[in-house]
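Chain and residue survey
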Amino acid sequence: MTAGLTFNGINKSFGGAHVLRQVSLDVASGEFLSLLGPSGCGKSTLLRIIAGLERQDAGTVAIGGRRVDDLRPKQRDIAMVFQSYALYPHMSVADNIALPLRMRRLSGMQRLPLVGGLLPGSRTTQAGIAKEVTRTARALGIESLLARKPGQLSGGQRQRVAVGRAMVRNPAIFLMDEPLSNLDAKLRVQMRAEIKELHRRLGVTFIYVTHDQTEAMTMSDRVAVMAEGEILQVDAPQVIYADPANRKVAEFVGSPKINMLPARFGADLTHAAGTTFDVRARELAGTAGTLGIRPEALHLAEAPGTGIFTGRVRLLEHMGSDLFVHLDLPHDGEGGTLIARLLAERAPQIAFGQTLHLGVRTGRILVFAADGRRVQPDPAPAAVLRSYA
Amino acid sequence: MSLRRLGPVAALARHAVLLASGALMLIPFVWMVSLSLKPPGEIFRAGFSLLPEQWYAVENYSRALTASPLPRYMLNGVLVCGAILSLQIAICAPAAYALAKLRFFGREGLFTLVLIGLLIPHEVLALPLFILAYKLGLLDTYAALIMPFAVSPFGIFLFRQFFKSIPDDIVHAARLDGLSELAIVWRVMLPMAMPAVIAFSIFSIVSHWNDLFWPLIAVRSEQLMPPPLGIMAFKNEEAGSDYGPLMACATLVVAPLVVAFLAAQRWFVEGLGGGVK
Ligand SMILES: Nc1ncnc2c1ncn2[C@@H]1O[C@H](COP(=O)(O)OP(=O)(O)O)[C@@H](O)[C@H]1O
Ligand SMILES: [Mg+2]
């Protein structure tokens, strides 16, 4: 019963604030897609538009190939888990989970207290609903909590109830709005795995909103990176990381953050951080831009030279298997800090305050134009290649 | 917190003031109950005693219940207050929901009208309402006692404030779960606003149970009279200066209110204190 989702040219403003600009995306049936972006970039607004809780100013939403712009939320076959969980505090867990089924399967008369139970058919329907509620609760491990009120539950338990309420009616599409952001770190890791498992088991389309890149990168088939109401790039997590479409994506994804060095592009070489790199981008020749270097693309070098960064160690962070080295670059080369991620085995050799040389493989340098656009560098001329051989 | 740090003198002074003001409000009540227990001879005797020398409660209270149609007045009070409260909630809750959670043109303007309605004392409307009731032929009916109060600006205001404190996400979740807008009001908003509902109910019942002004204008037949009007009629016609049974009547009339308030006190304070946690 899963369905794909397409939205096209979605625009939305609140008062004067343009919150979504021309957002378009195709989500395949059964896909796990994350919307990743800083808070305030319009992720929740987009989710509400998909669910039909908010109306877009322009653009269309289609579910399973059918336009749903004029359908009300309950007609869209979509369930949503809210950041605040949005459980009904006056109802028990069982009633919270049962409500969507009651609203769909019982008539208005049958839902009346007292009288409703006496009407034909309502007993069997009620029993069926109770059975499904129990089954859902068992699947989520909250069977023992069914009689409690949401106020008596921990954050993780509430989260499960919210998932249960969404799950119980077998929607074609699951929307999740930062469902883990109110949990502590340990529970977050555990729930990450559980949600992934849930997706595998249900096999329906998931659209997962988060500002946490780890969540997006670890759980998704594809990640859509958003900023200021626009989708910047939609790709598989490893592509987003290794091959970002522009500067904003490169800077948003990756921890520690990518090193961004102001650069001047020449005809053959690129100047940055007081040294030169064997990076050519002919279309940028003569302009200024940025070089992006992931911390793990840096390696220790023996001596200074061209394409080698030299600086003083300002901070060492031991992360178990990895070591993060913060290097202060000299001021004559415009200064700044470089973060390198080295293997921890090297740690004994490196001391705070010492001078360190770091090299980088040319192929791992990302080139950005002044406007933030990613530019593929031109291949090295044959002559240079030969000299390496 | 900061109150605890005040010295014993300040605490003593504070309690003295509270006791004094509490006593000021209570004394008339106590006096009323005391008089209802005394025989006629003791009521006007000089000197001050709360308890009667000769207990006359049975005589006073049985006269109160038999000489006047007091049970009928009380029944009228229950009918009228119940109908008023039901209509008020049935009308205020959806209106407050629309003002708190729906976006539509003219919402702020309508809310301003509600606030203005809050400022107008009911007495000002008495004459136009009287004429209206006369034109509609409703004078001297239950409808005349009930209809003018069916819409309560105060109720709309109180519920709106409470509904506003309920997160939008809950409304969104309810819409996705398939609830209609009215179902959201009855099944989600109103139950979540229970403290406000109870506080409002007490306000409404107390003020309409005790209302004398409008019933005096609207009804004439004894079988329609609510309690205070009934007592007044009883005093004029039957009792003259027979204050013992009159005070017994008054005690019986306020007793249900006191009991109801004590039972609901906790919610009452919570409902006026603020929104949901
Ligand atoms: N109902 C609304 N009225 C006015 N502004 C809103 C409303 N909803 C969202 N916004 C604004 O739209 C922007 C995007 O909000 P949101 O979609 O919640 O971002 P995100 O979920 O990515 O943090 C924010 O600047 C927010 O203030
Ligand atoms: Mg959000």
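These numbers come from a predicted model, not from an experiment. (Residues numbered from 1 in each chain as written. Chains lettered and ligands numbered in written order. Predicted model: local features only at pLDDT ≥ 70, side-chain atom pairs only at ≥ 80, totals over all residues. Heavy atoms only, no water.)

Comments concerning the overall build of chain B
In terms of helices and strands, chain B carries 14 helices and 0 strands. Taking the principal axes of its C-alpha atoms as reference, chain B extends roughly 70 × 65 × 35 Å. By the burial criterion, 41% of the 277 residues in chain B qualify as buried. Taking all contacts inside chain B whose residues are at least 6 apart in sequence as the whole, residues at least 24 apart take part in 73%. Accessible area for chain B stands at about 15,100 Å²; split by element, carbon and sulfur atoms hold 72% of it. (Helix = DSSP H or I, 4+ residues; strand = E, 2+ residues; numbered from the N terminus. Buried < 20%, exposed > 50% of the residue type's maximum accessible area, 1.4 Å probe, protein only. Contact = heavy atoms within 4.5 Å. Areas by Shrake-Rupley, 256 points an atom, 1.4 Å probe, with all protein chains shown as cover.)

Observations concerning the overall build of chain A
Within chain A, the secondary structure is distributed over 10 helices and 21 strands. Going through the 389 residues of chain A one by one, you find that 50% of them count as buried. In chain A, 66% of the contacts between residues at least 6 apart in sequence involve partners at least 24 apart. For chain A, the exposed area adds up to about 17,900 Å²; of that, 52% sits on carbon and sulfur atoms. One finds the centroid of the 47 positive side-chain charges in chain A at a distance of 9 Å from the centroid of its 36 negative side-chain charges. (Lys, Arg positive; Asp, Glu negative; His and termini not counted. Charge placed at Lys NZ, Arg CZ, Asp CG, Glu CD.)

Thoughts on the UniProt feature "transmembrane region" (unreviewed entry) in chain B
Residue and element names in this part refer to chain B. As recorded in UniProt, the feature "transmembrane region" (unreviewed entry) lies at residues 12-31, 73-98, 110-136, 142-163, 184-206 and 243-264. The distance separating the terminal C-alpha atoms of residues 12-31 is 27 Å; by composition the span is 100% helix and 0% strand. Counting secondary structure, residues 73-98 comes out at 100% helix and 0% strand; the distance between its end C-alpha atoms is 37 Å. (UniProt positions renumbered as here; feature names shortened; annotations may be inferred.)

Side note on the sheet that holds strand 4 (residues 58-63) of chain A
Residues and elements named next belong to chain A. Taken together, 4 strands build an open sheet; the order of strands is 2-1-4-5 and the sheet is antiparallel. Strands at the two margins of the open sheet, each flanked by one partner only, are strand 2 (17-27) and strand 5 (66-67). Note that strand 1 (residues 5-14) and strand 2 share 7 bridges and pair antiparallel. By the bridge assignment, L5 is partnered in strand 2 with V27. Sheet strands touched by helix 1 (residues 43-51): strand 1, strand 2 and strand 4. Its angle to strand 1, the strand with the most contacts, is close to 120°. (Pairing = 2+ DSSP bridges. Axes fitted to C-alpha atoms, helices over the stretch in contact; angles between N-to-C directions.)

Points about the interface of chain A and chain B
On the chain B side, the residues contacting the 24 residues of chain A number 16 residues. Taken together, the two surfaces of chain A and chain B that pack against each other cover about 1,800 Å², and 61% of this comes from carbon and sulfur. Our count for the contact surface shared by chain A and chain B stands at 2 salt bridges. R103(B) is the partner of E54(A) in a salt bridge, and the nearest nitrogen-oxygen pair spans 2.8 Å. At the level of secondary structure, the elements contributing two or more residues to the side of chain A that touches chain B comprise helix 1, strand 6 (78-81) and helix 2 (93-105) of chain A. In terms of residue count, helix 2 of chain A provides more of the side of chain A that touches chain B than any other element does, 4 residues in total. Class assignment of the residues belonging to the side of chain A that touches chain B gives a composition of 15 nonpolar, 2 polar and 7 charged. (Buried area = accessible area lost by both parts, 1.4 Å probe. Salt bridge = Lys/Arg side-chain N within 4 Å of Asp/Glu carboxyl O. Nonpolar A, V, L, I, M, F, W, Y, C, P; charged D, E, K, R; others polar.)

Some details on helix 1 of chain A
Residues and elements named next belong to chain A. Counting buried positions over the 9 residues of helix 1 gives 8, a clear majority of the element. What helix 1 keeps buried is the set K43, T45, L46, L47, R48, I49, I50 and A51. Of the residues trailing helix 1, G52 is marked for its positive phi of about 90°.

Some thoughts on the site of ligand 1
All names here are of chain A. Looking at ligand 1, the residues that line it are F14, V19, P38, S39, G40, C41, G42, K43, S44, T45 and R48. Interatomic distance of 3.2 Å between a backbone N/O atom of C41 and an oxygen atom of ligand 1. In this structure, K43 approaches ligand 1 through a main-chain N or O atom, which is 2.9 Å from an oxygen atom. Protein contacts shield 59% of the accessible area of ligand 1, which totals 550 Å² for the unbound molecule. For the shell around ligand 1, the element with the highest residue contribution is helix 1, accounting for 4 residues. The residue inventory of the shell around ligand 1, partitioned by class, reads 4 nonpolar, 5 polar and 2 charged. (Near = heavy atom within 4 Å. Polar contact = N/O pair within 3.5 Å; in protein donor to acceptor, adjacent residues only side chain to side chain.)

Observations concerning the packing of helix 4 (residues 70-101) of chain B against helix 11 (residues 194-209) of chain B
Residue and element names in this part refer to chain B. The interhelical angle for the contact between helix 4 and helix 11, taken along N-to-C directions, is 140°, at an axis separation of 9 Å. As far as their axial angle goes, helix 11 and helix 4 are oblique. When the axes of helix 4 and helix 11 are compared, the crossing they make is right-handed. Residues M74, G77, V78, C81, I84, L85, Q88 and I89 of helix 4 form the contact with helix 11, whose own contacting residues are V197, F200, S201, S204, I205, H208 and W209. Classifying every residue of the contact of helix 4 with helix 11 by side-chain character gives 10 nonpolar, 5 polar and no charged. (Parallel < 35°, antiparallel > 145°, perpendicular 65-115°, else oblique. Left-handed = near helix turned anticlockwise from the far one by under 90°.)

So, the nonpolar core
Formed by 69 residues in total, the largest nonpolar core has its most connected members in L35(A), F159(B) and F163(B). When residues of this core are assigned to their parent elements, the largest contribution, 8 residues, is made by helix 4 of chain B. Beyond its immediate chain neighbours, meaning those up to four positions away, L35(A) contacts L25(A), K43(A), L46(A), L47(A), I207(A), Y208(A), V209(A), T210(A), A224(A) and M226(A). Ranked by size, the runner-up nonpolar core spans 36 residues in total, among them V80(B), W209(B), V254(B) and L257(B). (Core = buried A, V, L, I, M, F, W, Y, C linked by side-chain atoms within 4.5 Å.)

Overview of the environment of R373(A)
Residue and element names in this part refer to chain A. Its place among the elements puts R373 in the loop between strand 20 (366-369) and strand 21 (374-375). Those residues in contact with R373, other than ones at most four positions away along the chain, are A245, N246, E283, L284, V367 and F368. Separated by 3.5 Å, the side chains of R373 and E283 make a polar contact.

Details of the environment of A245(A)
Residues and elements named next belong to chain A. In this fold, A245 is placed in the loop between helix 8 (237-242) and helix 9 (247-252). Considering only alpha carbons, one finds A245 and R373, 128 residues apart in sequence, at a separation of 7.0 Å. Excluding residues within four positions of it along the chain, A245 makes contact with L232, Q233, R373 and R374.

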